[in-house]
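So the chains spell out like this:
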Amino acid sequence: MTLQLRVYVPPHPLIKHWLGVARDAGTPPALFKSAIKELGRWLTYEAAREWLPTMETTVQSPLSECPATFINPEVPVVAVPILRAGLGLLEGAQTVLPNASIYHLGIVRDEKTLEPTCYLNPFPEKFDPLSRVLITDPMLATGGTIMKAMEELTFRGIDASLVRIISVVAAPPALQKLSVAYPSLNIYTAIIDEGLNSQGYIVPGLGDAGDRTFGTF
Ligand SMILES: O=P(O)(O)OC[C@H]1O[C@H](OP(=O)(O)OP(=O)(O)O)[C@H](O)[C@@H]1O
Ligand SMILES: O=c1cc[nH]c(=O)[nH]1
Ligand SMILES: [Mg+2]
């Protein structure tokens, strides 16, 4: 598979640790949710590098004036959790990006056809084209869901190169689709798995992320 887009798998011990906890079928929902939150925190930290806009100024230290760099408050930072499972990652992301505006995007895939349906879209008609957008969705499987999310954003003026996707497990079909449609996109994931089973679940994956987060088995 040839990928043009940039897919980062940060080699961080905390990311590996929480991925192991999330993968373990014996992990109960409360701990699973904590693991996903931690992954959201560290993946967002990694994704923010060279993405969050900064501004240069000076501050007066107790001893003298010195240069200082701050996050530029004029550039909108937008987080888009894909319901339901993206909410767990969002919790961690918000610890890194406390001032982000949150737009909850509801997309569910049909369990038989695997086709995504959007049931909640609170987006404005147009976003500020300079907006930095973080999409949170733990599972990139067939890619139907994430492609729909990208379509809804780019249609409203978002530049794909300013989007960061954080996911826990990404599979080749999703990465292939994103690569063809959005070559300038950047994805941060805890792992890239082998592929999908006949029901569209990622193998080895971690099962149904939404059900495991919210205890709906
Ligand atoms: O790449 P795809 O094949 O489209 O699958 C990935 C999507 O499937 C899951 O959501 P699901 O539809 O189960 O909704 P949920 O989060 O509400 O459980 C997951 O959270 C992703 O959003
Ligand atoms: O493995 C998968 C694939 C899609 N959605 C999930 O929650 N898990
Ligand atoms: Mg689900």
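Residues numbered from 1 in each chain as written. Chains lettered and ligands numbered in written order. Predicted model: local features only at pLDDT ≥ 70, side-chain atom pairs only at ≥ 80, totals over all residues. Heavy atoms only, no water.

- As recorded in an unreviewed UniProt entry, the protein goes by the name Uracil phosphoribosyltransferase, listed as coming from Microseira wollei NIES-4236.
- Its UniProt record gives the protein a comment under Sequence similarities (unreviewed entry), which states: "Belongs to the UPRTase family."
- As stated in UniProt under Pathway (unreviewed entry), the record for the protein gives "Pyrimidine metabolism; UMP biosynthesis via salvage pathway; UMP from uracil: step 1/1." (UniProt positions renumbered as here; feature names shortened; annotations may be inferred.)

## Observations concerning the overall build of the protein
Here is step 1: A tally of helices and strands in the protein yields six helices and 13 strands.
Here is step 2: Taken over C-alpha atoms, the radius of gyration comes to 18 Å for the protein, in line with the 17 Å a tight globule of 217 residues would show.
Here is step 3: C-alpha atoms of the protein, sized along the principal axes, occupy 65 × 40 × 35 Å.
Here is step 4: The buried share of the protein, reckoned over its 217 residues, is 48%.
Here is step 5: Within the protein, contacts between residues separated by at least 24 positions form 66% of all contacts whose residues are at least 6 apart in sequence.
Here is step 6: Carbon and sulfur atoms form 56% of the exposed surface of the protein, whose accessible area is close to 10600 Å². (Helix = DSSP H or I, 4+ residues; strand = E, 2+ residues; numbered from the N terminus. Rg over C-alpha atoms; globule rule 2.2 N^0.38 Å. Buried < 20%, exposed > 50% of the residue type's maximum accessible area, 1.4 Å probe, protein only. Contact = heavy atoms within 4.5 Å. Areas by Shrake-Rupley, 256 points an atom, 1.4 Å probe, with all protein chains shown as cover.)

## Quick look at the site of ligand 2
Here is step 1: Near ligand 2 the following residues occur: Arg 109, Met 139, Ala 141, Gly 200, Tyr 201, Ile 202, Gly 207, Asp 208 and Ala 209.
Here is step 2: In this structure, Gly 207 approaches ligand 2 through a main-chain N or O atom, which is 2.8 Å from a nitrogen atom.
Here is step 3: One of the backbone nitrogen or oxygen atoms of Ala 209 is found 2.9 Å away from an oxygen atom of ligand 2.
Here is step 4: Out of a free accessible area of 240 Å², ligand 2 has 89% covered by protein chains.
Here is step 5: Residue composition of the shell around ligand 2, grouped by class: five nonpolar, two polar and two charged. (Near = heavy atom within 4 Å. Polar contact = N/O pair within 3.5 Å; in protein donor to acceptor, adjacent residues only side chain to side chain. Nonpolar A, V, L, I, M, F, W, Y, C, P; charged D, E, K, R; others polar.)

## What to know about the site of ligand 1
Here is step 1: Surveying the vicinity of ligand 1 reveals 15 residues, the closest of which are Arg 109, Asp 137, Thr 142, Gly 143 and Thr 145.
Here is step 2: For ligand 1, an oxygen atom lies 2.9 Å from a polar atom in the side chain of Arg 84.
Here is step 3: The separation between an oxygen atom of ligand 1 and a polar main-chain atom of Ala 141 is 2.9 Å.
Here is step 4: Coverage of ligand 1 by the protein chains reaches 93% of its 500 Å² of free accessible surface.
Here is step 5: Of all the secondary structure elements, the ones that give two or more residues to the shell around ligand 1 are strand E6 (105-109), strand E9 (139-140) and helix H4 (144-154).
Here is step 6: Partitioning the shell around ligand 1 into residue classes produces six nonpolar, five polar and four charged.

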